[in-house]
Amino acid sequence: MKRIKKLILPLTASAFALLLAACQSPIEQKEISYIPDSYWTLMQDKLKTVKNLNLKGRIGIQNPQGRMSANYIYNLKNESYSLELISSLGSQIGKLTADKDKAMLIVNGKVYTSHDGEALIKEIYGLSLPVNNLKDIMLGIPQGMALKDASGKYQSAVIAGFLVEYQKFADFNDYALPTDYQISNEDTLLKVRLNEVLTIN
C-alpha cells in the first residue's frame, strides 16, 4: 500500500526530467556512404568539441573470472560523466558517476567513493576498464598511439594499456560515431555495440 501511495504523489522536478529523458526519441542512424577528402580530419575536429552526450547500447565483458553482458547508458555533461549498466531484465547492475576530482559507484544500494573511476571499478569489481577515457573512445577520437586508414579514419589505438579496435561507424545527425568496437588488454575483452544516440552536441 505504501508503494502504491508513492506512485500517486506529484512528480518532482527530477522525476519529471527522467520521464522526459525516457520519452526522448533517438537520433536517426544513417550509413556513411559518401566520404569526401578531409572528411575524417574535419569530423574528428568537430567531435573534439562535443560537451554533451547521451548514448545507449550493449556491452559484453570477458575475463578469466567469466563473462557477462549488459545494456549500458553513458551520459556526458561537460567534465562530468556517468556510466550505468543494466541487466537484460531491467535491473541496475551498477552506476558510476565521476568528474575530474571524484568518483562514486552505486552497487545494490551501496555507495562507494574514490578520487578515480578506474580505481573504483578495479576495487569493487576486480575489473580493469578504461572508464577515464570512455569519452574519446566512444566518440571515435582515441588519444595515444593510434592507427588510421588511408581516409584518415581511426582503426585502432593503444590507450592506458588497452587496445581499442573499431569495426564500424555510422552517422548520427552529422556526427560520425563508432557503433561496433572492442577494447582489450591481456586479461579483459570488452565488446561494445552502440544502439542509440539521444544527445550529442
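A brief structural summary. (Residues numbered from 1 in each chain as written. Predicted model: local features only at pLDDT ≥ 70, side-chain atom pairs only at ≥ 80, totals over all residues. Heavy atoms only, no water.)

Leu47, Leu55, Tyr72, Tyr74, Leu177 and Ile200 are the most contacted members of the largest nonpolar core, which has 51 residues in total. If one sorts the elements of this core by residue count, strand E10 (residues 162-172) sits on top with six residues. (Core = buried A, V, L, I, M, F, W, Y, C linked by side-chain atoms within 4.5 Å. Buried < 20%, exposed > 50% of the residue type's maximum accessible area, 1.4 Å probe, protein only. Helix = DSSP H or I, 4+ residues; strand = E, 2+ residues; numbered from the N terminus.)

Our focus in this paragraph is helix H4 (residues 117-125). Those residues of H4 not exposed but buried are Gly117, Leu120 and Ile121. Down the axis of H4, the sector holding all buried residues measures 100°, keeping them to one side. Looking at the buried positions of H4, the neighbouring elements they touch are strand E4 (80-86), strand E5 (92-98), strand E6 (103-107) and strand E7 (110-114). Taking the backbone nitrogen of Glu118 as reference, a side-chain oxygen 3.1 Å away marks Asp116 as the first, capping residue of H4. After H4 finishes, the residue Gly126 shows a positive phi value of roughly 75°. (Arc of directions from axis to C-beta. Contact = heavy atoms within 4.5 Å. Polar contact = N/O pair within 3.5 Å; in protein donor to acceptor, adjacent residues only side chain to side chain.)

Applying the stated criterion across every chain yields a total of five aromatic pairs. Between Trp40 and Phe169, the ring centres sit 5.2 Å apart and the planes meet at 70°, which makes this aromatic pair edge-to-face. One end of the pair, Trp40, is in helix H3 (residues 39-47); the other, Phe169, is in strand E10, with 129 residues separating them in the sequence. A relative accessible area of 10% places Phe169 in the buried class. On the numbers, 5.5 Å between centres and 55° between planes, the contact of Tyr166 with Tyr181 is tilted. Note that Tyr166 is positioned in strand E10 and Tyr181 in strand E11 (residues 175-184), a separation of 15 residues in sequence. Residue classification places Tyr166 among the buried residues on the basis of a relative accessible area of 9%. On the accessibility criterion, Tyr181 (3% relative accessible area) is buried. (Phe/Tyr/Trp six-rings, centres within 6.5 Å; stacked < 30°, edge-to-face > 60°.)

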